[in-house]
Amino acid sequence: MTVRAILSLKGKDCVTIAPEATLAEAARLLSEKRIGAAVVIGPGQRVAGILSERDIVRALSKHAAGALAQTVASAMTREVVTCTADETIPSLMQRMTAGRFRHVPVVEHGRLAGIVSIGDVVKHRIEEVERESQALKEYIATA
Ligand code: AMP
């Protein structure tokens, strides 16, 4: 199974934000959309970074309430780990675990084509295990 299977269920929509937005705006966006990270899109629709709730918490712990007026660019991670729709789910899980991040933007032909979170990966894995268990039960019942 590949990342494409996850995208076919959840779609290619991905919440994005501009590097010039403030952390207050980013926090509002994450809260309204009920998500943990937004992809930061710079000039030319290029992926310029990723901003997760952890980055906002880090900025708050460093600058207290003043952090909210700072820009997304000042707090985001610039070296973004991405995947393609062809990557297998076990490979992506392994990279997320090793890198200790919970969000991976999907990039196809240089363009943002969705985002996969650890929640999407776990949901997919649970469904896969349930299907395997059901198939095994049916096999045992008919053997
Ligand atoms: P997360 O676990 O996704 O909330 O993010 C934890 C930290 O990793 C934050 O500093 C994020 O900016 C960063 N991060 C999240 N996703 C990625 C990614 N795909 N590539 C690089 N860094 C990331």
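Our structure's up above, just so we're on the same page.
Residues numbered from 1 in each chain as written. Predicted model: local features only at pLDDT ≥ 70, side-chain atom pairs only at ≥ 80, totals over all residues. Heavy atoms only, no water.

Some words on the overall build of the protein chain
Phase 1: When you go through the protein chain residue by residue, the secondary structure sums to six helices and five strands.
Phase 2: Reading the helices (α) and strands (β) of the protein chain from amino to carboxyl end gives α-β-α-β-β-α-α-α-β-β-α.
Phase 3: For the protein chain, the spread of C-alpha atoms along the three principal axes comes to 65 × 35 × 25 Å.
Phase 4: By residue count, 36% of the 143 residues in the protein chain fall in the buried class.
Phase 5: Sequence separation of at least 24 residues holds for 56% of the intrachain contacts in the protein chain that already meet a minimum separation of 6.
Phase 6: Entry remark: accessible area of the protein chain is about 8,800 Å², with carbon and sulfur atoms responsible for 55%. (Helix = DSSP H or I, 4+ residues; strand = E, 2+ residues; numbered from the N terminus. Buried < 20%, exposed > 50% of the residue type's maximum accessible area, 1.4 Å probe, protein only. Contact = heavy atoms within 4.5 Å. Areas by Shrake-Rupley, 256 points an atom, 1.4 Å probe, with all protein chains shown as cover.)

Digging into the site of the ligand
Phase 1: In the region of the ligand, 14 residues are neighbours, and Ser52, Asp55, Thr77, Arg102 and His103 sit closest.
Phase 2: Between the ligand and the protein, one listed contact pairs an oxygen atom with a side-chain N or O atom of Asp55 at 2.5 Å.
Phase 3: One of the side-chain N or O atoms of Arg102 is found 2.8 Å from an oxygen atom in the ligand.
Phase 4: When the ligand is considered free in solution it has 480 Å² of accessible area, and contact with the protein chains removes 93% of it.
Phase 5: For the shell around the ligand, the secondary-structure elements that each account for two or more residues are β3 (47-52), α3 (53-63) and β4 (103-108).
Phase 6: Of the residues in the shell around the ligand, the class split is six nonpolar, three polar and five charged. (Near = heavy atom within 4 Å. Polar contact = N/O pair within 3.5 Å; in protein donor to acceptor, adjacent residues only side chain to side chain. Nonpolar A, V, L, I, M, F, W, Y, C, P; charged D, E, K, R; others polar.)

A closer look at unusual backbone geometry
Phase 1: Positive phi, normally seen in glycine, also occurs at Gln45, with a value near 60°.
Phase 2: When you line up the elements, Gln45 lands in the loop between β2 (37-41) and β3.
Phase 3: Overall, Gln45 belongs to the exposed group, its relative accessible area being 52%.
Phase 4: The backbone phi angle of His109 is positive, close to 50°, even though this residue is not glycine.
Phase 5: Looking at the element boundaries, His109 is found in the loop between β4 and β5 (111-117).

Some words on helix α5 (residues 89-99)
Phase 1: Those residues of α5 that sit buried are Ile89, Leu92 and Met96. Down the axis of α5, the buried set is contained in an arc of 60°. They therefore lie on one face. Of the exposed residues in α5, those oriented more than 90 degrees away from the buried face are Pro90, Gln94, Thr97 and Ala98.
Phase 2: Buried residues belonging to α5 abut α1 (3-10), β4, β5 and α6 (118-142).
Phase 3: Note on α5: the residue one or two positions beyond its end, Arg100, has a positive phi of about 60°. (Arc of directions from axis to C-beta.)

Section: the packing of α5 against α6
Phase 1: Relative to each other, α5 and α6 sit at 135°, their axes nearing to 11 Å. Considered as vectors, α5 and α6 are oriented oblique to each other. In this structure, the crossing between α5 and α6 has a hand that is left-handed. Residues Ile89, Leu92, Met93 and Met96 of α5 lie in contact with α6, whose contacting residues are Ile118, Val121, His124 and Arg125.
Phase 2: Looking at the contact of α5 with α6 residue by residue, the classes come out as six nonpolar, one polar and one charged. (Axes fitted to C-alpha atoms, helices over the stretch in contact; angles between N-to-C directions. Parallel < 35°, antiparallel > 145°, perpendicular 65-115°, else oblique. Left-handed = near helix turned anticlockwise from the far one by under 90°.)

Distances and angles like these do not, on their own, reveal function.
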